[in-house]
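The residues making up each chain are set out below.
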Amino acid sequence: MDLEHTAEEKEFRARLRSWLARVLPALPPKPSPDDWPARRAYDLGWQRRLHDAGYGEVHWDASPTIRLIFLEETEIAGAPYVGANFVGLLHAGPTIAAEGTPEQRARWLGPILRGEEVWCQGFSEPDAGSDLAALRTRAHRDGDTYVVTGSKIWTSHAEVADWCELLVRTDPDAPRHRGISWLALPMDAPGITVRPLRTLAGSAEFAEVFLDEVRVPVAHRVGAEHDGWRVTMVTLSFERGTAFVGEVVACRRVLTELAREARANGRWDDPGLRRRLGTLNAEFRALWRLTQWNVSEAQASSRGVPGVGGSVFKLRYSHARQRLYDTAAEVLGPDALDLDRPWTLDRLSALSYTIAAGTSQIQRNIVAERILGLPKGR
């Protein structure tokens, strides 16, 4: 495995770093975390800047290594996070790029890259979270449309989305994994009700979505009918394999800041705390190397789709992130209860990481069965 960068990749890094240094100081202030319409406008505006500067296509029309450099440099520079663009840029868009028809790619990829449309994710249901294949949202075909009825939960950014990557059951009599289809649902279609959900951290970036005989054109199906589970595995490969790359860089930066804070407030004298910080530093360095390995594997594939190594990364990263912010609470001491202090809200949000994008239990099953070749449990 060659982890050295080419001359072209080094030039891309230098050019991007220079552009970020010029642009970031001129950005407007970030809106309130609770003002999602304003956050949508801010996030779309940042994506438009990237597009106009020639960086919008980096998520799909560049090599995985270039994408890795882009995510690393933007995080180091403190550039805005993808925010409301998360689903479109990091897994719905790449899925359409890999699995969509030329017409679908032409319709949806451009608006995502230009910062014109937001996507949400309609996978989980009240009785189909970890067991995603148990989903019950039905779609029966009526000519050139599907008529969809059911509900979704934890739908990311549904309240400000234009489109939804939606999993539906198109053949209720087929085996669990075979009767599913992947649809692009227009969020302004009649029959859709969105109810925001407030999280432990006080934010409302998720929602319940209720679908009452919503009509979706058959032309909006990505992949073949009933082949949605395979398409979904492509989506989850992107979600688990590359979508968290920037966050690894952010966690390494937090480690440095935690060490600085511990020295300032006297907690650095605790050898147990120093040992935990050192262990976390080693773990995040290893995760970064694992990320590079996954990117190299994706680059070697014909479509640039990450492999099952993404589940190894997701499993280890989720738990490492939780330990990081538990350690941050140790450094802060009583101030860890102050929601206005750095890292406090991050600690609350870290609790979701062993559930979001596939629970740790599911990731262990994938690692056991698809990497280690162990038999499936009964």
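About the cut-offs
Residues numbered from 1 in each chain as written. Predicted model: local features only at pLDDT ≥ 70, side-chain atom pairs only at ≥ 80, totals over all residues. Heavy atoms only, no water. Axes fitted to C-alpha atoms, helices over the stretch in contact; angles between N-to-C directions. Helix = DSSP H or I, 4+ residues; strand = E, 2+ residues; numbered from the N terminus. Parallel < 35°, antiparallel > 145°, perpendicular 65-115°, else oblique. Left-handed = near helix turned anticlockwise from the far one by under 90°. Contact = heavy atoms within 4.5 Å. Nonpolar A, V, L, I, M, F, W, Y, C, P; charged D, E, K, R; others polar. Phe/Tyr/Trp six-rings, centres within 6.5 Å; stacked < 30°, edge-to-face > 60°. Buried < 20%, exposed > 50% of the residue type's maximum accessible area, 1.4 Å probe, protein only. Core = buried A, V, L, I, M, F, W, Y, C linked by side-chain atoms within 4.5 Å. pLDDT = per-residue confidence, 0-100. Pairing = 2+ DSSP bridges. Patch = residues over 30% accessible without salt bridge, like charges linked within 9 Å, V, L, I, M, F, W, Y side chains within 5 Å. Areas by Shrake-Rupley, 256 points an atom, 1.4 Å probe, with all protein chains shown as cover. Salt bridge = Lys/Arg side-chain N within 4 Å of Asp/Glu carboxyl O. Expected span 1.5 Å × (residues − 1).

(A) View of the packing of helix α1 (residues 7-23) against helix α2 (residues 36-52). The contact between α1 and α2 brings their axes to 12 Å, and the two run at 135°. Here α2 runs oblique to α1, going by the angle between their axes. Considering only the axes of α1 and α2, their crossing is right-handed. Of α2, the residues touching α1 (which contributes Trp19, Leu20 and Val23) are Trp46, Arg49 and Leu50. Among the residues making up the contact of α1 with α2, the classes are represented as five nonpolar, no polar and one charged.

(B) Fine view of the packing of aromatic side chains. For the structure on display, the rule yields nine aromatic pairs. Judged by centre distance (5.8 Å) and plane angle (90°), the rings of Trp154 and Phe206 are edge-to-face. Of this pair, Trp154 sits in the loop between β3 (145-152) and β4 (163-169) while Phe206 sits in strand β7 (residues 206-217); the two residues are 52 residues apart in sequence, bridging distant segments of the chain. Judged by relative accessible area, which is 47%, Trp154 ranks as partly exposed.

(C) Layout of the nonpolar core. Judged by nonpolar contacts, the single largest core of 45 residues is most densely connected at Trp46, Phe284 and Leu324. Within the residue set of this core, elements represented by two or more residues are α1, α2, α3 (64-76), α7 (245-265), α8 (271-300) and α9 (309-332). Tallying contributions element by element places α9 first for this core, with nine residues. Every residue in contact with Trp46, bar those within four places of it in the chain, is listed here: Trp19, Leu20, Val23, Leu24, Leu27, Ala79 and Pro80. Counting residues in hydrophobic clusters, the runner-up holds 28 residues, among them Phe86, Leu89, Trp119 and Leu236.

(D) How the structure looks around the environment of Leu339. Its place among the elements puts Leu339 in the loop between α9 and α10 (344-350). Judged by relative accessible area, Leu339 falls into the partly exposed class, the value being 47%. Each residue touching Leu339, except ones within four places of it in the same chain, is listed here: Thr344, Leu345 and Leu348.

(E) Inspection of the confidence of the model for the protein chain at higher detail. Averaged over every residue, the pLDDT of the protein chain is 85; residues scoring 70 or more account for 90%. The spread of mean pLDDT over the elements of the protein chain runs between helix α11 (residues 360-371), the lowest at 72, and strand β8 (residues 221-222), the highest at 98.

(F) Broad picture of the pairing of β4. With seven of seven residues buried, β4 is to be regarded as a mostly interior element. Burial of the side chains of β4 extends over both faces: Trp163, Glu165, Leu167 and Arg169 are buried on one face and Cys164, Leu166 and Val168 on the other. As paired strands, strand β1 (residues 119-122) and β4 are joined by four bridges and run parallel to one another. By the bridge assignment, Trp119 is partnered in β4 with Trp163. Pairing of β4 with strand β5 (residues 180-186), which is carried by seven bridges, proceeds in the antiparallel orientation. Following the sheet pairing, Arg169 is matched in β5 by Ile180.

(G) Expanded view of a nonpolar patch on the surface. A surface patch of nonpolar side chains, amounting to about 280 Å² of accessible area, comprises Ile371, Leu372 and Leu374. Within the secondary structure layout, Leu374 lies in the segment after α11. Judged by its relative accessible area of 44%, Leu374 falls in the partly exposed class.

(H) Highlighting α3. In this model α3 runs 18 Å from its N-terminal to its C-terminal C-alpha over 13 residues, within 8% of the 18 Å that 1.5 Å per residue would give. Along α3, 12 of the 13 residues are buried, which leaves the element largely enclosed by surrounding structure. Looking at α3, one finds that the buried residues are Pro64, Thr65, Ile66, Arg67, Leu68, Ile69, Phe70, Leu71, Glu72, Glu73, Thr74 and Glu75.

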